[in-house]
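Listed here are the chains, written in short residue letters.
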Amino acid sequence: MNNKAVLLEQIKTVKDYIDKKDANNIKSVEFALNTLNFYTSEDKSGEPIAQLALPEEKFLDVTKTELVEDFLWSNEKYPGSENPDLDGKAVLVLAVNMGSEGSFSFISLDSVISKLDGEDTDSANVDIAENAIKIDVKISKTPDNRIVVKSDGLYIGEVNNAPKWTVSTDEEVREMFSFNGAALPTHTLEDIKVGDTVKIYEDGTLVNFIIVHKGSPSSSYVNCDGVWLLREDGYTQGAWGTFRSYPNYEDSEIYEWVNTTYLNLIDEKVKAFIKNVRIPYSKHFSSGGKSYSVCSGSSGLSCQAFLLSAYEVGFTKNISSYIPAEGSKLDYFSNASSRICYNNGSSVIWWTRSPYAVSNGSYTPCAWSVYSDGTNFEPQTTNKYWVRPAFILPYDVSVDSNGIITV
């Protein structure tokens, strides 16, 4: 298999797994591009009904894999391994190469024969001779047996109504391809582009988050050098808050909810890596009749989870003089369409953390939101619109092959 191999002791596990998916549907199998393709046709024509991608970074080191008829273990010959207590027996030594590291697995040929023969079956004859394992398989010719022998292998007979399935979870692949407990290939958030999504467990459910920025947007931020994540869909509808005059984000109900109640929904392992940051925010100083001012740097708002500001999503004073200059635009927000948020497939209005910054206290308190078409909108703070929490993670947080943050 192009120097890629499945451990011999796991062949039965793979077969059992396929049986669970209804082996009656499969008539031929091929290996291509490190993937097993399963077909309902005998000549491997048409689209495969199932595909199983093998781990890329794990393959047998053919220079170190050997069949030892009279095995003798030593740490010098098999560094990093544990003594399998098989000295004097015929042993299949599998050397597994995983990039810069490697490991050894030792399989007693007696145990292989036991697994292939079974305890009460005469369906196969298994022998060890001349440094090789010889297996003669007996195929029943009864009418109900769908397995047929052809010149190039065994095939499964005609079946209909084949459902489609695929191996899609890390747990399934780990179960079938486990090399001394080695994990599946992973990468980090640093490897993922702005605009791509990753998955995080939120209250036990996997949820998509968009990477909207990398790095600290400007000197207005403290400890914000990392990967900015924004919930792809709106989580819930809520009011910004109730105010007698001037709305301040630090005093809002929505700030308290996002930074406490919502934050506690995030998987504990991920939550432990969310950065404590200081972000720029607007504050109205009532003393002396002062209008809104932006507090930033060391005077910024301390939090972990937060709402994005109007400036961060791409709204500026060029749009309205009442938009406070809280920070800088994040890289993801290039146009109105990038600001559109959905819930259950419908575009919705969602809150920013920016107040409608007018110094005249006679007006109804309002805050900036993003309209369903991605444009700006300044509704009253008592209205209920969708909430999209954001937070920042370090670059080196791990992401598995399914895009799930594993930390």
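Each remark here, short or long, concerns the structure printed above.
The present account deals with the structure reproduced in this document. These figures come from a predicted structure and were not determined experimentally.

## With respect to a nonpolar patch on the surface
Phase 1: A cluster of nonpolar residues, Ile147, Val149 and Leu154, forms a patch on the protein surface that exposes about 280 Å² of accessible area.
Phase 2: Taking the relative accessible area as the measure of exposure, Ile147 reaches 37% and is therefore partly exposed.

## Regarding the nonpolar core
Phase 1: Judged by nonpolar contacts, the single largest core of 66 residues is most densely connected at Leu189, Leu229, Phe306 and Ile405.
Phase 2: Of the residues forming this core, the biggest block, 5 residues, is contributed by strand 14 (residues 205-214).
Phase 3: Contacts of Leu189, omitting those with residues within four sequence positions, involve Val198, Ile211, Lys214, Val227, Leu393, Pro394, Tyr395, Val397, Val399 and Ile405.
Phase 4: Ranked by size, the runner-up nonpolar core spans 9 residues in total, among them Phe71, Tyr78, Leu86 and Ala95.

## A short note on the pattern of salt bridges
Phase 1: This structure, assessed with the given rule, holds 4 salt bridges.
Phase 2: Residues Lys283 and Glu250 are paired through a salt bridge, measuring 3.2 Å at the closest nitrogen-oxygen approach. Of this pair, Lys283 sits in strand 18 (residues 281-284) while Glu250 sits in the loop between strand 16 (236-239) and helix 4 (253-262), and the two are 33 residues apart along the sequence.
Phase 3: A relative accessible area of 25% places Lys283 in the partly exposed class.
Phase 4: Across the pair Glu312 and Arg353 runs a salt bridge whose closest N-O atoms are separated by 2.8 Å. Of the two residues, Glu312 is situated in the loop between strand 20 (301-303) and strand 21 (341-343) and Arg353 in strand 23 (residues 350-355); the sequence distance between them amounts to 41 residues.

## Points about a negative patch on the surface
Phase 1: A cluster of acidic residues, Glu69, Asp70, Asp85 and Asp87, forms a negative patch on the protein surface.
Phase 2: If you trace the backbone, Asp87 turns up in the loop between strand 5 (66-68) and strand 6 (91-98).

## Some details on the state of the cysteines
Phase 1: On inspection of all chains with the given rule, the structure shows 0 disulfides.
Phase 2: With no disulfide of its own, Cys224 has Cys303 as its nearest cysteine by sulfur position, at a separation of 7.8 Å.
Phase 3: According to the relative accessible area criterion, Cys224 is buried, its value standing at 1%.
Phase 4: The class for Cys303 is buried, based on a relative accessible area of 3%.

Criteria and cut-off values
- Residues numbered from 1 in each chain as written.
- Predicted model: local features only at pLDDT ≥ 70, side-chain atom pairs only at ≥ 80, totals over all residues.
- Heavy atoms only, no water.
- Patch = residues over 30% accessible without salt bridge, like charges linked within 9 Å, V, L, I, M, F, W, Y side chains within 5 Å.
- Areas by Shrake-Rupley, 256 points an atom, 1.4 Å probe, with all protein chains shown as cover.
- Salt bridge = Lys/Arg side-chain N within 4 Å of Asp/Glu carboxyl O.
- Buried < 20%, exposed > 50% of the residue type's maximum accessible area, 1.4 Å probe, protein only.
- Core = buried A, V, L, I, M, F, W, Y, C linked by side-chain atoms within 4.5 Å.
- Helix = DSSP H or I, 4+ residues; strand = E, 2+ residues; numbered from the N terminus.
- Contact = heavy atoms within 4.5 Å.
- Lys, Arg positive; Asp, Glu negative; His and termini not counted.
- Charge placed at Lys NZ, Arg CZ, Asp CG, Glu CD.
- Disulfide = S-S within 2.5 Å.

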